[in-house]
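An overview of the molecular structure
Next come the chains, spelled out residue by residue.
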Amino acid sequence: MRIMGLDFGAKTVGVAISDLLLITAQGVEIIRRKEENKQRRTLARIEELICEYDVQEIVLGMPYNMDDSIGERALKTLEFKEKLERRSGINVVLFDERLTTFEAKLAMQETGVKREKQKDYIDMIAAMFILQGYLDGKN
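A quick note: this is a predicted structure, and the numbers were derived from the prediction, not measured. (Residues numbered from 1 in each chain as written. Predicted model: local features only at pLDDT ≥ 70, side-chain atom pairs only at ≥ 80, totals over all residues. Heavy atoms only, no water.)

1. Notes on the layout of surface pockets
Short version of the rule: Only protein atoms enter the 1 Å grid used here. Points where a 1.4 Å probe fits but cannot escape make up a cavity, open sets with protein on both sides within 12 Å along at least five of seven lines make up a pocket, and a residue lines them when an atom lies within 4 Å of a point. Grid points are joined across faces, edges and corners, and a volume is the space filled by probe spheres set on the points. Segments assigned H or I by DSSP are reported as helices when at least four residues long, segments assigned E as strands when at least two residues long, and all are numbered from the N terminus. Lys, Arg, Asp and Glu make up the charged group, whereas Ala, Val, Leu, Ile, Met, Phe, Trp, Tyr, Cys and Pro make up the nonpolar group; the residues left over, Gly among them, are polar.
Each pocket or cavity is described by its volume, and for the largest pocket that value is around 210 Å³. R32, R33, K34, K38, Q39, R40, R41 and T42 are the residues that line the largest pocket. Among the elements that line the lining of the largest pocket, the one with the most residues is helix α1 (residues 40-53), at three residues. Residues of the lining of the largest pocket, tallied by class, amount to no nonpolar, two polar and six charged.

2. Concerning the sheet that holds strand β5 (residues 92-96)
How we decide: Paired strands, in this sense, are two strands between which DSSP finds at least two bridges. To define axes, lines are fitted to C-alpha atoms, for helices over the stretch in contact only, and angles between the resulting N-to-C directions are given on a 0 to 180 degree scale.
In spatial order, the strands read β3-β2-β1-β4-β5; together these five strands make up an open sheet with mixed pairing. The open sheet has two free edges, formed respectively by β3 (25-32) and β5, since each of these has just one partner strand. Averaged over all pairs of adjacent strands, the angle between their axes in this sheet comes to 25°, without regard to strand direction. Inspection of the sheet shows strand β4 (residues 55-62) paired to β5 by five bridges, in the parallel sense. Opposite M62, over in β5, you have D96 as the bridge partner.

3. Looking at the pattern of salt bridges
Oppositely charged side chains may form a pair once their charged atoms are brought near each other. Note the cut-off: A carboxyl oxygen of Asp or Glu within 4 Å of a side-chain nitrogen of Lys or Arg is what we treat as a salt bridge.
All told, the structure shown has five salt bridges when counted by the stated rule. Put simply, E85 and K81 hold a salt bridge, and the shortest N to O gap is 3.1 Å. Linking E85 with K81, this pair stays in helix α2 (residues 72-88), spanning four residues, or about one helical turn.

4. A look at the environment of G89
To be explicit about the condition: For the exposure calls, accessible area comes from a 1.4 Å probe over protein chains only, and a residue counts as buried if that area is under 20% of its type's maximum, exposed if over 50%, partly exposed in between.
With respect to the helices, strands and loops of the structure, G89 is situated in the loop between α2 and β5. Among the residues examined, G89 registers a relative accessible area of 67% and is labelled exposed. Measuring from C-alpha to C-alpha, the distance between G89 and Q56 comes to 9.6 Å, with 33 residues separating the pair along the chain.

5. Quick notes on the confidence of the model for the protein chain
What counts is decided by this rule: pLDDT is a residue-level measure of predictor confidence that goes from 0 to 100.
Summary statistics for the protein chain give a mean pLDDT of 88 and a share of 88% for residues scoring 70 or more. The element-level mean pLDDT for the protein chain is lowest in helix α4 (residues 115-118), coming to 66, with strand β1 (residues 2-8) highest at 97.

6. Some words on the packing of aromatic side chains
Going by this rule: Stacked, edge-to-face and tilted are the three classes for Phe, Tyr and Trp ring pairs, Trp counted by its six-membered ring, which pair at centre distances within 6.5 Å; planes under 30 degrees apart are stacked, over 60 edge-to-face, the rest tilted.
Taken as a whole and assessed by the stated rule, the structure comprises two aromatic pairs. Ring plane angle 15° and centroid distance 4.2 Å describe the contact between F8 and F80, whose orientation is recorded as stacked. Here F80 lies in helix α2 and F8 lies in strand β1, a separation of 72 residues in the sequence. Take F8: its relative accessible area is 4%, and that puts it in the buried class. According to the relative accessible area criterion, F80 is buried, its value standing at 0%. Note on F95 and Y134: the rings are 6.3 Å apart at their centroids and 90° apart in plane angle, and the pair reads as edge-to-face. Taken together, the positions of F95 in strand β5 and Y134 in helix α5 (residues 122-138) put the pair 39 residues apart, joining distant regions of the chain.

7. Topic: the pairing of β1
Burial within β1 is extensive, with six of its seven residues counted as buried. Here β1 runs beside β4; their pairing, made up of five bridges, is parallel. The residue of β4 that forms the bridge with G5 is V59. Note that β1 and strand β2 (residues 12-18) share five bridges and pair antiparallel. Within β2, the position partnered with G5 by the bridge is A16.

Written as structure tokens, this is what we have:
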């Protein structure tokens, strides 16, 4: 059994998967789409990954505002959560993702990833931070 972490964005979804012991999160991929509302292929790819990695639970980053309010992006995330649960039949847990993108950028800067290359990895690394935070809280 593994847990999947997702960083849901307007045109991308970063994906991370836990190890079998549920201790660490590893980045898997970034699912890209041309339009925000075109999610059928995104959901289909997530379903493929669920089967490939024997995922039993999904952690979805919830973009609360800094004052704990729910904005437009969070509402879209809640809609995506419902679609994902309906299609996959798997429980989707929301996890506060505030500052994960900032942490991901900082981590890439510290490891020497060039600024122009950071956009190629940011969502996957943010998904890793979301999932790792959830795993650390469970353990």
